[in-house]
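Descriptive structure summary
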Amino acid sequence: MSLIPKKGTVYVVDDDEAVRDSLQWLLEGKDYRVRCYDSAESFISRYDPREVACLIADIRMGGMTGLELQDRLIERRSPLPIVFITGHGDVPMAVNTMKKGAMDFIQKPFKEEELLGLVERMLDEAREAFAGHQQAASRDALLSKLTGREAQVLERIVAGRLNKQIADDLGISIKTVEAHRANIMEKLNANTVADLLKIALGQNAPKA
């Protein structure tokens, strides 16, 4: 059972201690788990992508900037939702972060309710991304149970090939195809061909 509050984790990355303290006080008061870092470098070295979390980061910091931090997360293909804290003159820079996928930016001094609304939106997105990641990992684990030959048979089932066609494609008997098909169904915990397609295609499966 997880000890992490249901609301999720909020990472705060800002080189201003007063900002970190005020955000921690505000967010912990609303039942979020908060982790504060005084630099982008210290955050990157400790970031755990397996958590349902979001990031609030200052756009201007000594050392690695918020923009550089975003680029580093993009390189890692991190799904972490981000909101940037900006000063008055940083709006064009903040717009650029949104073009790269940041959810929003908030100007200092920010309104508490506006920030809390953004955090909840980000965590909703993080939960969806996390659920998708879990489903993909589960699918990959199931598919890894297949032998090379079974994977070839599955590929052709997904393509809509009949048993006889699959047998001709692979130079094996229809009975062998049927045996592979039964093994595939068992290994993937599939009861029907529709189940099989959903597992094999993942999020690309046709809607029922």
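Predicted model, so just to flag it, every value in this text is computed and none were measured.

**Side note on helix H3 (residues 66-75)**
Taken as a whole, H3 has its buried residues at Gly66, Leu67, Leu69, Gln70 and Leu73. Down the axis, H3 shows its buried residues gathered within 160° of arc, on one side only. Directly after H3, the chain includes Arg77, whose backbone phi takes a positive value near 55°.

**Focus: the domain arrangement of the protein**
Along its sequence, the protein is organised into domain 1 (8-133) and domain 2 (146-201). On a C-alpha basis, the centroid separation for the pair domain 1 and domain 2 is 45 Å.

**Looking at the side chain of Asp14**
Summarising the element assignment, Asp14 is placed in the loop between strand E1 (9-13) and helix H1 (17-28). Buried within the structure, Asp14 lacks any salt-bridge partner; its nearest side chain of opposite charge belongs to Lys108, at an N-O separation of 4.9 Å.

**With respect to the pattern of salt bridges**
Any two side chains of opposite charge can pair, on the condition that their charged atoms come close. Summed over the entire model, instances satisfying the criterion amount to 11 salt bridges. Across the pair Asp58 and Lys108 runs a salt bridge whose closest N-O atoms are separated by 3.5 Å. With Asp58 in strand E3 (residues 53-58) and Lys108 in the loop between strand E5 (104-107) and helix H5 (112-143), this pair connects stretches of sequence that are 50 residues apart. Its salt-bridge partner being Asp140, residue Arg139 comes within 3.5 Å of it at the nearest N-O pair.

**What about the sheet that holds E1?**
Here we have five strands laid out as an open sheet, ordered E2-E1-E3-E4-E5, and parallel in their pairing. Strand pairing shows two members of the sheet lacking a second neighbour, strand E2 (33-37) and E5, which therefore form its edges. Geometrically, the sheet is characterised by an average inter-axis angle of 20° between neighbouring strands, direction not taken into account. In terms of strand pairing, E3 meets strand E4 (residues 82-86) through four bridges, oriented parallel. When the sheet's bridge partners are listed, Leu55 is paired in E4 with Ile82. Contacting E1, E2, E3 and E4, H1 runs over the sheet at an angle of about 175° to E2. Across the face of the sheet, H5 comes into contact with E1, E3, E4 and E5 while running at roughly 135° to E3.

**So, the pairing of E1**
It is a general feature of regular strands that their side chains alternate between the two faces of the sheet. Most of E1 is tucked away: five of the five residues are buried. The alternating pattern of E1 places Thr9, Tyr11 and Val13 and Val10 and Val12 on opposite faces, both of which are buried. Direction of pairing for E1 relative to E2: parallel, over a ladder of five bridges. Bridge assignment links Thr9 to a residue of E2, and that residue is Arg33. Each parallel crossover has a hand, and for E1 linked through H1 to E2 it is right-handed. Where E1 and E3 come together, five bridges link them in parallel fashion. Its bridge partner lying in E3, Tyr11 is registered against Leu55.

The rules behind each value
Residues numbered from 1 in each chain as written. Predicted model: local features only at pLDDT ≥ 70, side-chain atom pairs only at ≥ 80, totals over all residues. Heavy atoms only, no water. Buried < 20%, exposed > 50% of the residue type's maximum accessible area, 1.4 Å probe, protein only. Helix = DSSP H or I, 4+ residues; strand = E, 2+ residues; numbered from the N terminus. Arc of directions from axis to C-beta. Domains from an automatic or database assignment. Lys, Arg positive; Asp, Glu negative; His and termini not counted. Salt bridge = Lys/Arg side-chain N within 4 Å of Asp/Glu carboxyl O. Pairing = 2+ DSSP bridges. Axes fitted to C-alpha atoms, helices over the stretch in contact; angles between N-to-C directions. Contact = heavy atoms within 4.5 Å. Right-handed = clockwise from strand over helix to strand, strands pointing away.

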